[in-house]
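# Fold and contact review
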Amino acid sequence: MENNNTNNITSEETQQELSEILQIRRDKLKALQDAGNDPFEKTKFTRTAFTRDITDNFESAEGTIVSLAGRIMAKRGMGKAIFADITDDKGRIQLYIKQSELSEESFAEVRKYDIGDIIGVSGKVFKTKMGEISIHCTAVELLSKSLRPLPEKFHGLTNTELRYRQRYVDLIMNPDTRRTFEIRSAFIRHIREYLDNRGYIEVETPVLGTISGGATARPFITHHNTLDLEMYMRIATELHLKRLTVGGFERVYEIGRIFRNEGMSTRHNPEFTMLEFYEAYADYKDIMDYCEEILSSAAMKLLGTYELSWNGKSLDLSPGWERLTMAEAVLKHTGVDFMSFESTDDAVKAAASIGVKMPDGKSPSWGDLLYECFDQRAEEHLINPVFITDHPVEVSPLAKRKPSDPRLTERFELFICSSEMSNGFSELNDPIDQKERFQRQAKMRESGDLEAAMMDDDYINALEYGLPPTGGIGIGIDRCVMMLTGSSSIRDVILFPTMKPVE
């Protein structure tokens, strides 16, 4: 039995040992091929059961003949008998392989099988004297030869970077990793079920466009050879989805890949998955209700509880989440009351008094200062779910103004554990106002702000045909899965995160 931890192969001795193991496995494969028994020529194996079918239903399965297939994860020889554990995508089960049940040649071949090999077996379900549910095998077949040893079984694949680069080994060795991605898949199914049951239609919109729009973010740029065009990978699906609402799809959603050419951290990956949905004749308060229902019901449905732990914080996702305006949040956590200021100068002095800094070269407005005070001094305190509402118009180019205060918009962001989880608003449907805001963003872009929005003339054209009052939202799937699984890094919830190539 091999016992090689390949996580950190640094010494010359370990490298040599690994090379010897690789050669031994290749020699075993060649011997099989020379004997006319090439495992890679096998095209199919018919299974009649999975491991969990047997372990969860032993009373009805006991004594029946079953066929299973899976990867060898452990193997122990005891004279004329071999015990082995195999895993499939449902679980793990023990095999009992007795010499008298197989031909002499077959039993000798089984002895040569390695940890990691994929086999198919047939046999009777029984329970050993030690009480372990097992398969008494009457036939064993090698279906695929593993030419590389798995990491040492007691430690698994523990090198974090290697786990991300070799996710396939991570999934083999670490059940918690598999569980994370099972929860991710179940969460996405839950979203679809929630929206489909409310009459939404799922659509797909372009990944490539001649402009980037729908968010303030730096795009990836590529080139279309046939059209000889510079194109952008989408930073949001928003503007296309709202075009569809103009066209009469009154409830529409997309779960799609988004690309933003920005920094990488435990909460940011250059490509990530976003849910966006839009509903005609709804406003931002309705959309907040939907957002809360989706996430709180997901916690109960997938985990059986509203009580979660994430990044060392205890969270309560019970329905009835707090809602604060941005100004209220700043007042609560800094003592600065932006709604009382009569001039921008007052706001500048107040922001400076609590150590808030504005981006270089920016001449701040009242709204800019409110946003920076929130971002730099209040956001870090938002642990349990809270909707922050009424953002300044300067930082909300696609949101409808509040009728009661045109400095603000009917926008919200959901924060949990100091992380932004969603962003939504009552959609701006005034084409004249929208064009003016695009023009302001375009000037910011010309001044060097590569995250500012571009002018989208076709979207303005669509609005001129008439967008009904509409509420919409974007929800980051990856961060939601981080929360549901207690993961500290976004790379833990993306199967193949972006990584710098190994030199």
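So, a few notes on the structure that sits alongside this text.

What counts and how
- All residue numbers refer to positions counted from 1 along the written sequence of the respective chain.
- Local features in a predicted model are, by the rule used here, given only for residues with pLDDT of at least 70; side-chain atom pairs are given and counted only at 80 or more, and totals for whole chains, interfaces and linings are based on all residues.
- For the side-chain quantities, the full set of heavy atoms in the structure was used; hydrogens and water were omitted.
- Strands are treated as partners if at least two bridges between them are detected by DSSP.
- Per the convention used, a helix needs a DSSP run of H or I reaching at least four residues, while a strand needs a run of E reaching at least two, with both numbered from the N terminus.
- What counts as an axis is a line fitted to C-alpha atoms, over the stretch in contact for a helix, and the angles between N-to-C directions run from 0 to 180 degrees.
- For Phe, Tyr and Trp, rings pair up if their centres lie within 6.5 Å, where Trp contributes its six-membered ring, and each pair is then called stacked (planes under 30 degrees apart), edge-to-face (over 60) or tilted (otherwise).
- Each residue's exposure class comes from its accessible area (1.4 Å probe, protein chains only) as a fraction of the maximum for that residue type: buried when under 20%, exposed when over 50%, partly exposed otherwise.
- Charge over a ring is defined by NZ of Lys or CZ of Arg lying within 6 Å of the ring centre and within 35 degrees of the ring normal.
- The criterion used for residue contact is that any of the two residues' heavy atoms lie within 4.5 Å.
- By definition in this entry, angles of less than 35 degrees are roughly parallel, angles greater than 145 are roughly antiparallel, angles of 65 to 115 are roughly perpendicular, and the rest are oblique.
- Here a crossing is called left-handed whenever its near helix is offset anticlockwise from the far helix by less than a right angle, and right-handed whenever the offset is clockwise.
- Under the convention adopted here, Pro, Cys and the residues Ala, Val, Leu, Ile, Met, Phe, Trp and Tyr are nonpolar, Asp, Glu, Lys and Arg are charged, and Gly plus all remaining residues are polar.
- For this analysis, a nonpolar core means a set of buried residues of the types Ala, Val, Leu, Ile, Met, Phe, Trp, Tyr and Cys, connected via side-chain atoms within 4.5 Å.

## A few points about the sheet that holds strand 1 (residues 65-78)
In a beta sheet, neighbouring strands pair by backbone hydrogen bonds and run either parallel or antiparallel. Taken in spatial order, the 5 strands line up as 1-2-3-5-4 and close into a barrel, and their pairing is mixed. Each strand of the sheet is rotated relative to its neighbour by a mean of 55°, with strand direction disregarded. Pairing analysis gives 4 bridges linking strand 3 (residues 92-98) to strand 5 (residues 133-144), with the strands arranged parallel. Paired with Q94 across the two strands is S134, which belongs to strand 5.

## Considering the packing of aromatic side chains
Taken as a whole, this structure holds 10 aromatic pairs when the rule is applied. On the numbers, 5.1 Å between centres and 70° between planes, the contact of F338 with F341 is edge-to-face. Across this residue pair, the class does not change: F338 and F341 are buried. Taking the centre distance of 6.1 Å and the plane angle of 70° together, the rings of F338 and W366 count as edge-to-face. One end of the pair, F338, is in the loop between helix 10 (326-334) and helix 11 (344-353); the other, W366, is in helix 12 (residues 366-378), with 28 residues separating them in the sequence. As far as burial versus exposure is concerned, F338 and W366 are alike and both buried. A connected cluster of aromatic rings, assembled from ring pairs, spans F83, Y96 and F126. A cation over an aromatic ring shows up here: K90 above the ring of F50, its NZ or CZ 5.7 Å from the ring centre. Of note, R198 hangs over the ring of Y194, and the distance from its end group to the ring centre comes to 3.5 Å.

## Topic: the side chain of S419
Within the secondary structure, S419 sits in strand 19 (residues 419-426). Since its relative accessible area comes to 1%, S419 is described here as buried. Discounting residues that sit within four places of it in the chain, S419 has contacts with R267, W310, L414 and R479.

## Let's talk about the packing of helix 10 against helix 12
Running from amino to carboxyl end, helix 10 crosses helix 12 at an angle of 45°, the nearest separation of the two axes being 9 Å. Here helix 10 lies oblique to helix 12, going by the angle between them. Crossing geometry of helix 10 relative to helix 12 is assigned as left-handed. Residues M326, A327, A329, V330, H333 and T334 of helix 10 form the contact with helix 12, whose own contacting residues are L370, Y371, C373, F374, R377 and A378. Residue composition of the contact of helix 10 with helix 12, by class: 9 nonpolar, 2 polar and 1 charged.

## Remarks on the nonpolar core
Proteins that are soluble and globular tend to have nonpolar side chains buried together. In this structure, F187, L275, F277 and M483 are the most contacted members of the largest nonpolar core, which totals 44 residues. Breaking this core down by element, the ones donating at least two residues are helix 7 (175-196), strand 10 (251-259), strand 11 (271-280), helix 9 (284-303), strand 12 (307-310), strand 18 (411-416), strand 20 (470-476) and helix 15 (477-485). The element contributing the most residues to this core is helix 9, with 10 residues. Discounting residues that sit within four places of it in the chain, F187 has contacts with I294, L295, A298, L302, I477, C480, V481 and L484. The next biggest cluster of nonpolar side chains, apart from the first, holds 31 residues, and it includes I72, I82, A84 and I133.

## A look at the pairing of strand 11
By the criterion of burial, strand 11 is predominantly enclosed, with 9 of the 10 residues buried. Pairing between strand 10 and strand 11: 9 bridges, direction antiparallel. Within strand 11, the position partnered with V252 by the bridge is Y278.

## Quick notes on the sheet that holds strand 11
If you trace the 8 strands from one edge of the open sheet to the other, you get 6-10-11-20-19-18-15-14, paired in mixed fashion. Each end of this open sheet is capped by a strand with a single partner; those strands are strand 6 (201-202) and strand 14 (322-325). Pairing between strand 6 and strand 10: 2 bridges, direction parallel. Following the sheet pairing, I201 is matched in strand 10 by V252. On top of the sheet, helix 8 (residues 238-246) reaches strand 10, strand 11, strand 19 and strand 20; it is set at about 25° to strand 11, its chief contact.

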